[in-house]
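# An overview of the molecular structure
Listed below, chain by chain, are the residues.
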Amino acid sequence: MTSKTQPWEVKRFLELFTADPEFREKAVQSPNNIISRYGIQLVPSEIQDLWQESQSRLFDRRTDTSINYTNWCTKRRQNAYHWLQKLDTDLPSSFRHWRNRQANRYAGQAADGFARRKRLLPFAIELSEGCSIGCQYCGLSAPKLKSVARYERNNNGTIFNSIIQSLKNYIGEAGATGFLYWATDPFDNPDYEKYIQSFNREFGIPPQTTTAAWVKNIDRTRQFIELRETMGGTWDRLSINSLKELHIIMQEFSAIELKDIDLVLQNPESLKTKSCAGRAKDLSINTQLGSIACVSGFLINLSQRNIKLISPCIDFERWPQGYAVYAETELDDPIKQIQEFFEHCEKTIFNESLDIEKILSLREEIYITNHEGQLNLKTQYANIIVKDKIEKEIVSRINGTLSVSEIVSEISKTNEINPGLVLHAANTLYEKGIFEKLPNPPLLQYA
Ligand code: SF4
């Protein structure tokens, strides 16, 4: 059995159902009327099992149309996984281990942490300073737009090309998962399309794009979509900040034109949950404990000429934007200094093994329970089970005063075990991210 309904028609139905309360109501009362108003080509009863409200499925029955749609979605995701998997193989060992430890840390701290463990990206490059949109929910609290790095000015194009070459040399093909915005909107830069073409030449696919500024110039958005169709890569995203924008996009673009564009349904009426970082934590909306920061790696600003090493966190007191900065430097001579920054991170931050002089203490939110001979290192969102005898000995001695070497020596003497085995067990625990503490923010400078 096959379904004649095209998956992008289902996609359009579900977007409207999720974002527009009137559509939701009418879809239940008189579905045929509402889909003909929007020109959606499907039979609503064929996808009833996909309608969702308040995260719970209304119908259990699977139909050919809905199976066809979910298969289509899975195929799209597989393309993205292909590139994400390279993060497990291409990255230099020490950077990869550091990212794993941070991902394990975040998995125990945030509601979305486990789901995002394998989806934290290695770099982002901002092509402007600040953002012209000013979304109330901005998880990164982007300040107002101050400057834009035009491709042809200040040697920006040449420097950008050198930066992405350096990133490719260091990160490998997995660098294709990097992207060109952060607390910025890509379309604030009139030359964004030139930058993605440079990126495409270097990595073989363009970077993923998310923009809320698509509505400012529909012609540009249309040309951008056409350009992207020539390049391949994964899907792009247009943010929808109001019902008005939702209706504009439905009028301006057909379902098939947006088949490779996801709509990020951020309008207040949408059923989508937001993370509580940045400005979103001040909104009286349904949020979950988490950060929107999706980079565990390098954040570069071409306009400000600086680079940071960052990783997501939920310590909003110390890091209100939802990511901690582990190191940063100005890039007066970007081509030379970016390489030096990688080396600095390798030497001082990415340490693959525990420093034996390190005083061991667990992350603050971890508490320990003992169950049938195994230790459970628990947080609100994770449970790390420790069964190995030596690892249990180590955990039971961690008290915030003993160093790694002191613990290793004590256990090896008491139990007559080779110290190398104890150190190996300590490093196994280290990999789980249980010792990962966030850096302190820089002290405010007073003039
Ligand atoms: S969410 Fe994106 S578009 Fe909106 S203010 Fe923040 S950076 Fe700008």
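Everything numeric here is computed off the predicted structure, so don't read it as measured data. (Residues numbered from 1 in each chain as written. Predicted model: local features only at pLDDT ≥ 70, side-chain atom pairs only at ≥ 80, totals over all residues. Heavy atoms only, no water.)

## Re the pairing of strand E12 (residues 306-312)
Summarising burial for E12: six of the seven residues are buried, a large majority. Relative to E12, strand E11 (residues 295-301) is paired through five bridges, and the arrangement is antiparallel. By the bridge assignment for E12, Phe 298 is matched with Leu 309. Taking the residues between adjacent antiparallel strands as the criterion, E11 and E12 are bridged by four residues, where Arg 305 takes a positive phi near 55°. As defined by bridge partners, E12 adjoins strand E13 (residues 323-330) across seven bridges and the pair is classed as antiparallel. The partner of Ile 307 across the bridge, within E13, is Thr 329. (Buried < 20%, exposed > 50% of the residue type's maximum accessible area, 1.4 Å probe, protein only. Helix = DSSP H or I, 4+ residues; strand = E, 2+ residues; numbered from the N terminus. Pairing = 2+ DSSP bridges.)

## Quick notes on the packing of aromatic side chains
One pass over the structure, following the stated rule, counts 26 aromatic pairs. Considering the side-chain rings of Phe 160 and Tyr 195, the 4.8 Å spacing of their centres and the 75° angle between planes classify their relative orientation as edge-to-face. One end of the pair, Phe 160, is in helix H6 (residues 156-171); the other, Tyr 195, is in helix H7 (residues 192-203), with 35 residues separating them in the sequence. Owing to a relative accessible area of 0%, Phe 160 belongs among the buried residues under this scheme. Taking NZ or CZ as reference, Arg 76 lies 4.9 Å from the ring centre of Trp 72, over its face. Seen from the ring of Phe 187, Arg 220 lies directly overhead, with NZ or CZ sitting 4.3 Å from the centre. (Phe/Tyr/Trp six-rings, centres within 6.5 Å; stacked < 30°, edge-to-face > 60°. Lys NZ or Arg CZ within 6 Å of the ring centre and 35° of its normal.)

## A look at the site of the ligand
In the vicinity of the ligand, twelve residues are found, and the nearest of them are Cys 131, Gly 134, Cys 135, Cys 138 and Thr 184. Along the lines of polarity and charge, the residues of the shell around the ligand split into eight nonpolar, two polar and two charged. (Near = heavy atom within 4 Å. Nonpolar A, V, L, I, M, F, W, Y, C, P; charged D, E, K, R; others polar.)

## A look at H6
The terminal C-alpha atoms of H6, which comprises 16 residues, lie 22 Å apart, in line with the 22 Å expected from a rise of 1.5 Å per residue. For H6, the set of buried residues is Asn 156, Gly 157, Ile 159, Phe 160, Ser 162, Ile 163, Ile 164, Ser 166, Leu 167, Tyr 170 and Ile 171. Looking at the buried side of H6, the elements it contacts are helix H5 (93-109), strand E3 (121-126), H7, E11 and helix H10 (334-348). Within two residues after H6, Gly 172 carries a phi angle of roughly 85°, on the positive side. (Expected span 1.5 Å × (residues − 1). Contact = heavy atoms within 4.5 Å.)

## Remarks on the sheet that holds strand E15 (residues 374-378)
Taking strand neighbours across the sheet as the criterion, the three strands line up as E14-E15-E16 in an open arrangement whose pairing is antiparallel. Only two strands of the sheet have a single partner each, and these edge strands are strand E14 (367-371) and strand E16 (383-386). With strand direction ignored, the average angle separating the axes of adjacent strands in the sheet is 25°. Of the pairings in the sheet, the one linking E15 to E16 comprises four bridges and is antiparallel in character. Note that in E16 the partner of Lys 378 across the bridge is Asn 383. Across the face of the sheet, helix H11 (residues 389-397) comes into contact with E14, E15 and E16 while running at roughly 55° to E15. (Axes fitted to C-alpha atoms, helices over the stretch in contact; angles between N-to-C directions.)

## Focus on the confidence of the model for the protein chain
The predicted coordinates of low-pLDDT regions are not to be read in fine detail. Across the protein chain, pLDDT averages 91, with 93% of residues at or above 70. Note on residues 52-59: pLDDT under 50 across the span, and 15 contacts to partners over four residues away in sequence or across chains. (pLDDT = per-residue confidence, 0-100.)

## Overview of the layout of surface pockets
The computed volume of the second largest pocket comes to approximately 540 Å³. Lining the second largest pocket are 23 residues, and of these Leu 299, Gln 304, Lys 308, Gln 321 and Tyr 323 lie nearest its centre. Elements represented by at least two residues in the lining of the second largest pocket include exactly E11, E12 and E13. With three residues, E13 is the largest single contributor of residues to the lining of the second largest pocket. Considered class by class, the residues forming the lining of the second largest pocket number eleven nonpolar, seven polar and five charged. (1 Å grid on protein atoms, 1.4 Å probe; cavity = no way out; pocket = protein on both sides within 12 Å on 5 of 7 lines; lining within 4 Å. Points joined across faces, edges and corners; volume = space filled by probe spheres on them.)

## Thoughts on unusual backbone geometry
One non-glycine residue, Asn 155, lies in positive phi territory at about 65°. Residue position: Asn 155 is located in the loop between strand E5 (147-148) and H6. In this structure Asn 155 comes out as partly exposed when scored by relative accessible area, which is 48%. Of note in this structure, Glu 416 is not a glycine but carries a positive phi near 50°. Looking at the secondary structure, you find Glu 416 in the loop between helix H12 (404-415) and helix H13 (419-431).

## Brief notes about the sheet that holds strand E7 (residues 236-240)
Spatially, the three strands line up as an open sheet ordered E6-E7-E8, and their pairing is parallel. At either end of the open sheet lies a strand with only one pairing partner, and these are strand E6 (210-211) and strand E8 (261-265). Packing against the sheet, helix H9 (residues 243-252) makes contact with E7 and E8, and its axis sits at approximately 135° to E7.

## Observations regarding the domain arrangement of the protein chain
Domain annotation of the protein chain identifies domain 1 (7-74), domain 2 (89-348) and domain 3 (367-431). Averaged C-alpha coordinates put domain 2 and domain 3 at centres separated by 38 Å. Across the contact, nine residues belong to domain 2 and six residues belong to domain 3. Roughly 620 Å² is buried in total at the junction of domain 2 and domain 3, and carbon and sulfur atoms are behind 51% of that figure. Broken down residue by residue, the surface that domain 2 buries against domain 3 is led by His 97, Arg 101 and Gly 108, which jointly contribute 60%. Inspection of the domain 2/domain 3 interface yields zero salt bridges. Put simply, domain 2 and domain 3 have three residue pairs in polar contact (both at pLDDT 80 or more) between them. Taken together, the residues of the side of domain 2 that touches domain 3 break down into four nonpolar, four polar and one charged. (Domains from an automatic or database assignment. Buried area = accessible area lost by both parts, 1.4 Å probe. Salt bridge = Lys/Arg side-chain N within 4 Å of Asp/Glu carboxyl O. Polar contact = N/O pair within 3.5 Å; in protein donor to acceptor, adjacent residues only side chain to side chain.)

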